[in-house]
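# Summary of structural features
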Amino acid sequence: MAKKISIMGSTGSVGTQTLEVVDRFPEKFKIIALSARSNIDLLEKQITKYKPLAAAVLLKEKALELKNRLGNVGTEILSGKEGLKTLAAWPDADIVVVALVGFSGLEPTLAALSNGKTVALANKEALVVGGELIAAEAKAKKATIMPIDSEHSALFQCFQAGKKNEVAKVILTASGGPFLGWNKEELAKVTPSQALKHPNWTMGAKVTIDSATLMNKGFEVIEAHWLFNLNFEKIDVVVHPESIIHSMVEFTDGTTMAQMSFPSMLFPIQYALSYPERWKRSYSQLNWDRKRSLNFLPPDRENFPCLDYAYWAGNIGGTMPAVLNAANEIAVEGFLKNCHSFLHIPAILEEVMNRHSAIPNPSFAEITEADAWARKESKSLLQK
Ligand code: MG
C-alpha cells in the first residue's frame, strides 16, 4: 500500500528533494499535504502535479493569492502558523516530513507527534530548541522520529550493528565547510557569496552558512543528544573534507561502524521514507575503481568556536539552546544581508548566551519567550 506523505516545507531544498524521491517511486507514495512559507509559484505547480488534500502557506496574504489562483481544485488551502499546525496533524498522513527551517519547525513537529505520526525530521533546529518537549511527546505517543539529517541517518544505520548499551561513542563527521584551514584575518573578510559555496553539499542558505561557521555541526551534536538519548561526552566531531563517511559509531569492543554514500540528501531522505526496507538505488554511487583517499582531522575549535557553543548550550540545557539558535538565526540573517562580518556571528552568540540565565525543563511558552528575547538582544547588539 502507498505510504501517505505530508511535506512541511515542500518548496525548500529538502522538500523538493523529497518530491524527487517520491517521483522515483510513484507507486509507493501518495502526497496528501504540502506547505510553503511564501513561494506560492512553486507550491502551485506542486499542487497541480500531486493534487494533495490540503496545503498551507505561512504568509496569509500569499495563501489568499494562491487560493484565488487555484480556484476549485479540491485542495484545501490553510494559512498562518495555525494552518501549518493543522496540516502537520492531518489525519490521513502516515509520515510527516518536517523540512522547515529554524524555530518555525518546532510547533508543527510537536503537532505531528502528538497525533501519533511518524515524523521524518530534517529540521534540526526544532530539536535544538525543543528537544526535551519533542522527546517527551514522541515517547508519550509512541511516535517514531526518522532522522533525515545525513549524519543522524548514518548513526541510525550504524546503530543496527550492535545494542544500545554496546555503544561507546558516536563520531559526527563535518566537511569543515568552505573555510577549512582559514585563519582569523582571512575569515574577517569572508563575503556571503563565498560562504554560500559549499564544497560538497547543495543545501539551503541558512544551513550552508551554519556549515561554514561549524554551528551546523554544533546543532547536530544537540540533535544527536535528543534523537538517540546520548550524553554529550559520548558525541565527538571529526572533520572529514570528502563527505563520504556521513558519521560513525564506535562500539565497546573497539569496532567502529561507518556509513558511506555519495554526498547527496536523496540517500537519507529515501531511507527515512523506505525504512525498514531498502529500495533499489537510482542515485550516483561511489566508484571504487579509482584511487580515492579519505582524510580526517580534528575541528579548529579556536577559529570556529560555534561548535563549542553548542556543547556549552547543550550541557546547560533548558532554554539555553533556544537562545543560541535564535541568536544564530538573527546573526546569519544579518551576515547574508551584508550588515556585519562573518566573525560577528560567533561574537553575537557568545554575548547573548552570556546574558541569559537558562530556565530548566522549559514549557513551549518559556521556549518561545526565550527565543523572542534572544532575537531582540541579538538585533540590538548588531545595531551597535
Ligand atoms: Mg547534516
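Residues numbered from 1 in each chain as written. Predicted model: local features only at pLDDT ≥ 70, side-chain atom pairs only at ≥ 80, totals over all residues. Heavy atoms only, no water.

### Describing the side chain of His240
Note the threshold: Helix and strand labels come from DSSP, where a helix needs a run of H or I of at least four residues and a strand needs a run of E of at least two; each type is numbered from the N terminus. Relative accessibility under 20% of the residue-type maximum defines a buried residue, over 50% an exposed one, and the middle range a partly exposed one, all with a 1.4 Å probe and only protein chains included. Polar contacts, as used here, are pairs of N or O atoms within 3.5 Å; protein pairs need one atom able to donate a hydrogen and one able to accept it. Residues neighboring in sequence count only if both atoms are side-chain atoms. Contacts are residue-level and defined by heavy atoms, with any inter-residue pair within 4.5 Å sufficient.
Residue position: His240 is located in the loop between β9 (235–239) and β10 (245–251). Assessed through its relative accessible area of 1%, His240 is described here as buried. In terms of polar contacts, His240 uses its side chain to reach the backbone carbonyl oxygen of Asn295, at 3.0 Å. Not counting the four nearest positions on each side in its chain, His240 is found in contact with Thr173, Ala174, Ser175, Ile245, Leu294, Asn295 and Phe296.

### Section: unusual backbone geometry
Here the residue pair Tyr275 and Pro276 is connected by a cis peptide bond, since its omega of 5° sits within 30 degrees of zero. Within the secondary structure layout, Pro276 lies in the loop between α12 (266–274) and α13 (306–316).

### Overview of the coordination of the magnesium ion
Spelled out, the test is: Counted as donors are N, O and S atoms no farther than 2.8 Å from the metal, or 3.2 Å for Na, K and Ca; water is not among the atoms, and sites may therefore look incomplete.
Protein coordination of the magnesium ion is provided by Asp149 (OD), Glu151 (OE) and Glu220 (OE), with donor distances spanning 2.1 to 2.2 Å. One chain supplies every donor to the magnesium ion, and in sequence these donors are spaced D-x1-E-x68-E. Taken together, the residues Glu151 in helix α7 (residues 150–159) and Glu220 in helix α11 (residues 215–228) connect sequence positions 69 residues apart. Accessibility assignment for this pair places Glu151 and Glu220 in one class, buried.

### Details of the domain arrangement of the protein chain
Keep this limit in mind: Note: domain ranges come from an automatic or database domain assignment. Two parts placed together each lose some accessible area under a 1.4 Å probe, and the buried area is that loss summed for both. Salt bridge criterion: a side-chain nitrogen from Lys or Arg within 4 Å of a carboxyl oxygen from Asp or Glu. Under this grouping Gly is polar, as are all residues other than the nonpolar Ala, Val, Leu, Ile, Met, Phe, Trp, Tyr, Cys and Pro and the charged Asp, Glu, Lys and Arg.
We note that the domain assignment places domain 1 (3–147), domain 2 (148–315) and domain 3 (317–384) within the protein chain. Centre-to-centre separation of domain 1 and domain 3, based on C-alpha positions: 26 Å. Between domain 1 and domain 3, the contact holds 11 residues from the first and 12 residues from the second. Here domain 1 meets domain 3 over a buried area of about 910 Å², counting both sides, of which 66% is carbon and sulfur. On the domain 1 side of the contact with domain 3, Phe103, Val129 and Glu132 bury the most area, a combined 54% of that side's loss. Linking domain 1 with domain 3 are zero salt bridges, by the criterion used here. Secondary structure elements with two or more residues in the side of domain 1 that touches domain 3: α5 (106–114) and α6 (124–140). It is α6 that provides the largest number of residues to the side of domain 1 that touches domain 3, a total of six residues. For the side of domain 1 that touches domain 3, the per-class residue count stands at six nonpolar, two polar and three charged.

### Re the packing of α6 against α11
Between two packed helices, the angle of one axis relative to the other and the distance separating the axes together describe the packing. Where we set the bar: Each axis is a line fitted through C-alpha atoms, and for a helix only the stretch in contact is used; angles between axes span 0 to 180 degrees, taken between their N-to-C directions. Comment on the angle field: the value is read as roughly parallel under 35 degrees, roughly antiparallel over 145, roughly perpendicular from 65 to 115, and oblique elsewhere. In a left-handed crossing the near helix is turned counterclockwise from the far helix by less than a right angle, and in a right-handed crossing that turn is clockwise.
Packing of α6 against α11 leaves a shortest axis separation of 8 Å and a crossing angle of 20°. Classified by the interaxial angle, the pair formed by α6 and α11 is roughly parallel. For the crossing formed where α6 meets α11, the hand is left-handed. Together, Lys124, Leu127, Val128, Gly131, Glu132 and Ala135 of α6 and Asn216, Phe219, Glu220, Ile222, Glu223, Trp226 and Leu227 of α11 make up the contact between the two elements. Here the contact of α6 with α11 is built from residues that sort into seven nonpolar, two polar and four charged.

### A look at the sheet that holds strand β2 (residues 29–36)
Strands in a sheet are paired, the pairing made by backbone hydrogen bonds, and the direction either parallel or antiparallel. The cut-off we apply is this: At least two bridges found by DSSP between two strands is the condition for calling them paired.
Spatially, seven strands are ordered β4-β3-β2-β1-β5-β6-β7 in an open sheet, and the strand pairing comes out parallel. Since the sheet does not close on itself, it has two edges, and those belong to β4 (76–79) and β7 (145–147), each with one partner. Here the strands of the sheet are splayed against their neighbours by 20° on average, with no regard to which way each runs. Direction of pairing for strand β1 (residues 3–8) relative to β2: parallel, over a ladder of five bridges. Looking at β2, one finds that Lys3 is bridged to Phe29.

### Considerations on the sheet that holds strand β8 (residues 167–174)
On the basis of which strands lie adjacent, the open sheet formed by four strands has the order β9-β8-β10-β11 and mixed pairing. Of all strands in the sheet, those bounded by a partner on one side alone are β9 and β11 (256–260). The sheet shows a mean angle of 20° between the axes of neighbouring strands, direction not considered. Relative to β9, β8 is paired through five bridges, and the arrangement is parallel. Across the sheet, Ile171 pairs through a bridge with Asp236, a residue of β9. Packing of α7 onto the sheet brings it into contact with β8, β10 and β11, and relative to β10 it is tilted by some 40°.

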